[in-house]
Amino acid sequence: MSDLTKNLDHVDNTEEFEVLEEAALPKVDEFKRFVRVFFRRKIVTFSFCLLIIIVLVAVFADFVAPHGFNEHNLRYTLQPPSAEFLLGTDGLGRCLLSRIIYGSRIALLVGIAAVAIAATIGTVIGLIAGFSEGIVGGFIMRVTDAVISIPPLVLMLLIATIIGAGVPGVIIAVGVATFPGYVRLIYGQVLTVKQNDYITASRAMGDTKARIIFKHILPNCISPLIVMMTMMIGTSIMIEAGLSFLGIGIVPPTPAWGSMTRDGYQHLASMPLLSIAPGIAIVILVFACNMVGDGIRDALDPKLRGSLD
């Protein structure tokens, strides 16, 4: 019989038992475990480094870009790649590489802001619906189902048309169109967490609904929420590019990758880089966001991260 077992035989106090129990369990550094699992796959490590580079390029675009995003010269229209213009120029003589670099700011801004709006709205509504249940919860979820039944593109086209083209309009349109997914996620998490004994104990102790929601329920919804937000950044960037390609998103001279792809489509035969280069930029950024989100999911999900080595 171990020393711990002998000591437990003489423990009459619950508090002393808990201290001995904690002493018997190995201390786990959650941050180190997260980092170890997150960087376990090479594709995730590569995508994370790629995403960091894109973010740095976007932040320091003024120093990285060889020219201004709207600096045009009609004498250099549709120029092929050269030493001065590494990816060539567009129909107005603007440096394509510079516009792609500045376009990374718009893509990240729209992706992060739209996800923040959708996650905030969806989390609040999901918490109310899940904790209330009954008539209130049922009504909220039926309305959510009705919104989900509308094709997202149609809904975003409608919202963007009402609000108007531009960065704020696209952010609001994407955020409002994608929030129902967060509602359903949080609603399901709340229904699961509510069944735990510590929620019943908290109610028995007289805790208010607000205290139960913010102290016990919301913290248990954070992990899946973070995963969904990370992966939805790439989706939001794709949606923004699609809206801009259709001409109702971000319009020139603002350097948006979607509108750049649309403008380059007119010169696809003579200057394919005008469409291919911003298209590749979209693919790279969305790929990096999705892979990083996948890595975060692995690191936060106990079923996927495995046991400690």
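Predicted model only: the values in this text are computed from it and were never measured. (Residues numbered from 1 in each chain as written. Predicted model: local features only at pLDDT ≥ 70, side-chain atom pairs only at ≥ 80, totals over all residues. Heavy atoms only, no water.)

Undergrad: Got a sec to walk through the overall build of the protein chain? Specific residues and values, please.
TA: For the protein chain, the helix and strand inventory stands at 15 helices and zero strands. For the protein chain, long-range pairs separated by at least 24 residues make up 69% of all intrachain contacts whose partners lie at least 6 apart in sequence. Accessible surface, the protein chain as shown: approximately 16,700 Å² in total, 67% of it carbon and sulfur. (Helix = DSSP H or I, 4+ residues; strand = E, 2+ residues; numbered from the N terminus. Contact = heavy atoms within 4.5 Å. Areas by Shrake-Rupley, 256 points an atom, 1.4 Å probe, with all protein chains shown as cover.)

Undergrad: If you had to explain the nonpolar core to someone new, which residues and values would you point to?
TA: Residues Ile100, Leu127, Tyr182, Ile217, Ile237, Trp257 and Leu285 are the most contacted members of the largest nonpolar core, which totals 50 residues. Discounting residues that sit within four places of it in the chain, Ile100 has contacts with Leu87, Trp257, Met260, Ala277, Pro278 and Ala281. Counting 17 residues, the second-largest nonpolar core is a separate cluster that includes Ile106, Met156, Val167 and Val170. (Core = buried A, V, L, I, M, F, W, Y, C linked by side-chain atoms within 4.5 Å. Buried < 20%, exposed > 50% of the residue type's maximum accessible area, 1.4 Å probe, protein only.)

Undergrad: Help me get a handle on unusual backbone geometry, residues and values and all.
TA: Positioned with a positive phi, Leu78 is a non-glycine residue whose angle comes to about 50°. We classify Leu78 as partly exposed; its relative accessible area is 31%.

Undergrad: So what's going on with the packing of aromatic side chains? Residues and values would help.
TA: Tallied over the entire structure, the rule returns six aromatic pairs. Each member of the aromatic cluster is reached from another via a ring pair, and the members are Phe34, Phe38, Phe39 and Phe48. The ring of Phe131 has Lys194 sitting right over it, with the charged end atom 5.7 Å from the ring centre. (Phe/Tyr/Trp six-rings, centres within 6.5 Å; stacked < 30°, edge-to-face > 60°. Lys NZ or Arg CZ within 6 Å of the ring centre and 35° of its normal.)

Undergrad: Requested: an account of the pattern of salt bridges, with residues and values cited.
TA: Pairing of side chains with opposite charge becomes possible as their charged atoms draw close. All chains considered together, the criterion is met by eight salt bridges. Asp294 is the salt-bridge partner of Arg41, the closest N and O atoms lying 2.5 Å from each other. With Arg41 in the loop between helix H3 (30-38) and helix H4 (42-59) and Asp294 in helix H14 (residues 273-300), this pair connects stretches of sequence that are 253 residues apart. Note on Arg41: relative accessible area 32%, which makes it partly exposed. Note on Asp294: relative accessible area 12%, which makes it buried. Of the charged contacts, one joins Asp263 and Arg262 as a salt bridge, the two residues approaching to 3.4 Å between their closest N and O atoms. (Salt bridge = Lys/Arg side-chain N within 4 Å of Asp/Glu carboxyl O.)

Undergrad: So what's going on with the packing of helix H10 (residues 197-204) against helix H11 (residues 209-217)? Which residues, and what values?
TA: Between H10 and H11, whose axes approach to 11 Å, the crossing angle comes to 150°. Taken together, H10 and H11 sit at an angle that is classed as roughly antiparallel. The chirality of how H10 crosses H11 is right-handed. Along its contact with H10, which presents Tyr198, Ile199, Ser202 and Arg203, the element H11 presents Ile212, His216 and Ile217. Here the residues of the contact of H10 with H11 are counted per class, giving four nonpolar, two polar and one charged. (Axes fitted to C-alpha atoms, helices over the stretch in contact; angles between N-to-C directions. Parallel < 35°, antiparallel > 145°, perpendicular 65-115°, else oblique. Left-handed = near helix turned anticlockwise from the far one by under 90°. Nonpolar A, V, L, I, M, F, W, Y, C, P; charged D, E, K, R; others polar.)

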